[in-house]
Amino acid sequence: MKDNEFYLSAEIKYNCLDVVKMWGTDFELKVYSLIDTDYEVAENCIELYGESKPDLYAFEVSLDDGLSYDYMNDAIRWYANHINKPDMEVLRTDPREDLLEGSMPTSEI
């Protein structure tokens, strides 16, 4: 992954915290704060979650974008570094539901 592959969109047309885009593609990773919003999973989307105490995030891409799954993890890693949270864990399940039980990270960033 090259650091210059991704960037934050200056125009946010969604009700989210940030939108990470990839140069030269239609790829969009929507970033939601699980602390500040009542995030609910949208239809036809792939979602992953991030935990970097005390912050919790949801990351969402549209299933309509063929690049979604391929670039999602790299975009999340880029975003975590961009916001100075390189210790962020990427989770498959919503950490709000797993707070009492603990969660299983899919990877560490």
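Given the structure is predicted, the values throughout are model-derived calculations rather than measurements.

K.L.:
Tell me about the overall build of the chain, and name the residues and values.
P.N.:
Regarding its fold elements, the chain presents 2 helices and 7 strands. Along the chain, helices (α) and strands (β) appear in the sequence β-β-β-β-β-α-β-α-β when read from the amino end. Of all 109 residues assigned to the chain, the portion counted as buried reaches 43%. Long-range contacts, defined here as pairs at least 24 residues apart, represent 45% of the contacts in the chain between residues at least 6 apart. Of the roughly 6700 Å² of accessible surface on the chain, 45% is carried by carbon and sulfur atoms.

K.L.:
Tell me what's going on with the packing of aromatic side chains, and back it up with residues and numbers.
P.N.:
Aromatic ring pairs are defined here through the distance separating the ring centres and the angle between the ring planes. Applying the stated criterion across every chain yields a total of 9 aromatic pairs. Pairing F59 with Y79 gives two aromatic rings, centres 6.1 Å apart and planes at 75 degrees, and the pair type is edge-to-face. Of this pair, F59 sits in strand β5 (residues 55-62) while Y79 sits in helix α1 (residues 68-82); the two residues are 20 residues apart in sequence, bridging distant segments of the chain. Comparing F59 with Y79 shows no difference in burial state: the two are buried.

K.L.:
Quick one: what's the story with the side chain of K30, residue by residue and with numbers?
P.N.:
Inspection of the secondary structure assignment puts K30 in strand β3 (residues 28-33). In this structure K30 is buried but unpaired, with E60 as the nearest side chain of opposite charge at 4.4 Å. Ignoring any residue separated from it by four or fewer positions in sequence, one finds K30 in contact with Y14, C16, D18, V19, A58, F59 and E60.

K.L.:
Before we move on, could you go through the nonpolar core and cite the residues and values that matter?
P.N.:
Judged by nonpolar contacts, the single largest core of 19 residues is most densely connected at V20, L29, F59 and M72. Those elements that place two or more of their residues in this core are β2 (18-22), β3, β4 (45-52), β5 and α1. Residue contributions to this core peak at 6 residues, all from α1. Setting aside its immediate chain neighbours within four residues, V20 contacts F6, Y7, L8, F27, E28, L29, V31, A75, W78 and Y79. Ranked by size, the runner-up nonpolar core spans 9 residues in total, among them Y32, Y39, L56 and L91.

K.L.:
Quick rundown of unusual backbone geometry? Include the residues and the values.
P.N.:
Cis geometry is found at the peptide bond from K53 to P54, where omega equals 10 degrees. You will see that N84, though not glycine, has its phi angle at about 60 degrees, which is positive. Turning to its location among the elements, N84 is positioned in the loop between α1 and β6 (89-91). Here N84 falls in the exposed class, since its relative accessible area comes to 66%.

Definitions and limits used
- Residues numbered from 1 in each chain as written.
- Predicted model: local features only at pLDDT ≥ 70, side-chain atom pairs only at ≥ 80, totals over all residues.
- Heavy atoms only, no water.
- Helix = DSSP H or I, 4+ residues; strand = E, 2+ residues; numbered from the N terminus.
- Buried < 20%, exposed > 50% of the residue type's maximum accessible area, 1.4 Å probe, protein only.
- Contact = heavy atoms within 4.5 Å.
- Areas by Shrake-Rupley, 256 points an atom, 1.4 Å probe, with all protein chains shown as cover.
- Phe/Tyr/Trp six-rings, centres within 6.5 Å; stacked < 30°, edge-to-face > 60°.
- Lys, Arg positive; Asp, Glu negative; His and termini not counted.
- Salt bridge = Lys/Arg side-chain N within 4 Å of Asp/Glu carboxyl O.
- Core = buried A, V, L, I, M, F, W, Y, C linked by side-chain atoms within 4.5 Å.

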